[in-house]
Every structure is written in C-alpha cells, then in structure tokens.
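Each chain, letter by letter, is given below.
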Amino acid sequence: QVQLVESGGGLVQTGGSLSLSCAASGINFGIYSMAWYRQAPGKERELVATISTGGITMYADSVKGRFTISRDNIKNTLFLQMNSLRPEDTAVYYCNAKYSIWKSDYWGQGTQVTVFL
C-alpha cells in the first residue's frame, strides 16, 4: 500500500520559516520524481517545486529563492524548506510522487500552512 505522509505544517508569522516533510512508503522512492503542490482556498492546485530522481530541481517563480526542495533516497523522504514566508503562501501543501513509465501518480493527504501578518 502506497502512503505519502506530509508533516511540518503550521502557523507562522510573515517572514518566518517552516520545514515540510513527506515520508513515503510502499514505493521504490528512488525512481520517482517528487514534487510539492499547494492549494489555497478557492484556487486551483498549483505546482510549487519538483525534484527529479537525479536531484534536478525546478521552482515556481513565486517561490524561487525562498523555498528549497530536497530528497533523501535512503530515508524515502521528501523535504521543502520554506523561508521568508508570505501570507500568499497560505495553502494546503501536498506531496506528489510520479513515475511516468508505469503511469503511477500518488498524493499525500496534505498539510496546512498558514502565514499571518
């Protein structure tokens, strides 16, 4: 059974930092491309950052220079370090695992991040 379990969300003041984690089980983590998405109230889910199996990263323009995505293939864990947080970063953050060859696409349950002024 595949499980992606996010943790680390919470309430933080503008300018603060949070570190999210996503623990994966039931998949061969190292062969999956991983990503963080977020969804704010009333808005569509949007891509925040991705990291390939080889560690190549990509970021949405809105988070470049503030967020860092990383992965630990030994611990089967995905991370998102979020610095200089803004109220517009408030959303539910979701972990995603994708392996296109098998058309596998898995999601976590999400973790709430709230940034207040």
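Criteria and cut-off values
Residues numbered from 1 in each chain as written. Predicted model: local features only at pLDDT ≥ 70, side-chain atom pairs only at ≥ 80, totals over all residues. Heavy atoms only, no water. Helix = DSSP H or I, 4+ residues; strand = E, 2+ residues; numbered from the N terminus. Rg over C-alpha atoms; globule rule 2.2 N^0.38 Å. Buried < 20%, exposed > 50% of the residue type's maximum accessible area, 1.4 Å probe, protein only. Contact = heavy atoms within 4.5 Å. Pairing = 2+ DSSP bridges. Disulfide = S-S within 2.5 Å. Phe/Tyr/Trp six-rings, centres within 6.5 Å; stacked < 30°, edge-to-face > 60°. Core = buried A, V, L, I, M, F, W, Y, C linked by side-chain atoms within 4.5 Å.

1. Describing the overall build of the protein
The helix and strand inventory of the protein stands at zero helices and eleven strands. Secondary structure elements of the protein, listed N to C terminal, follow the sequence β-β-β-β-β-β-β-β-β-β-β. Over its C-alpha trace the protein gives a radius of gyration of 14 Å, about what one expects of a compact globule, namely 13 Å for 117 residues. If you line up the protein on its principal axes, its C-alpha atoms span 45 × 25 × 25 Å. Across the 117 residues in the protein, those meeting the buried criterion constitute 41%. Sequence-distant contacts in the protein: of pairs separated by 6 or more residues, those separated by 24 or more amount to 55%.

2. Here's the deal with the environment of T53
Tracing the backbone shows T53 in the loop between strand 5 (46-51) and strand 6 (57-59). Take T53: its relative accessible area is 39%, and that puts it in the partly exposed class. When the C-alpha atoms of T53 and W102 are compared, they prove to be 15 Å apart, with 49 residues separating the residues in sequence. If we ignore the near neighbours within four places in the chain, the residues touching T53 are G30, I31, Y32, S33, R71 and N73.

3. Some details on the pairing of strand 4 (residues 33-39)
Most of strand 4 sits inside the fold, with five of its seven residues counted as buried. Strand direction decides the pairing type here: strand 4 and strand 5, joined by five bridges, are antiparallel. The residue of strand 5 that forms the bridge with W36 is A49. As consecutive antiparallel partners, strand 4 and strand 5 are separated by six residues, and within that stretch G42 has a phi angle of approximately 75°, a positive value.

4. Re the state of the cysteines
Counted according to the given criterion, the structure contains one disulfide. Residue C22 pairs covalently with C95 via a disulfide, S to S 2.1 Å. Looking down the S-S bond of the C22 and C95 bridge, the torsion is -75°, so its handedness is left-handed. Placement of C22 in strand 3 (residues 18-25) and of C95 in strand 9 (residues 91-99) is noted, with a sequence separation of 73 residues between them. As far as the burial class goes, C22 and C95 line up, both buried.

5. Section: the packing of aromatic side chains
Geometry of an aromatic ring pair is reported as the spacing of the ring centres plus the angle between the planes. Counted according to the given criterion, the structure contains three aromatic pairs. Between Y32 and Y99, the ring centres sit 5.6 Å apart and the planes meet at 45°, which makes this aromatic pair tilted. A residue pair is termed long-range when its members are at least 10 positions apart, and Y32 in the loop between strand 3 and strand 4 and Y99 in strand 9 qualify at 67 residues. No difference in accessibility class separates Y32 from Y99, as the two residues are buried.

6. What to know about the nonpolar core
Core analysis: the largest hydrophobic core is formed by 31 residues, its most contacted members being W36, L78, L80, M82 and Y93. Elements supplying a minimum of two residues to this core: strand 3, strand 4, strand 5, strand 7 (67-72), strand 8 (77-82), strand 9 and strand 11 (111-116). If one sorts the elements of this core by residue count, strand 9 sits on top with five residues. For L78, the contacting residues outside a window of four places in its chain are L20, S21, C22, F29, M34, A35, W36, I51, I69, S70, R71 and C95.

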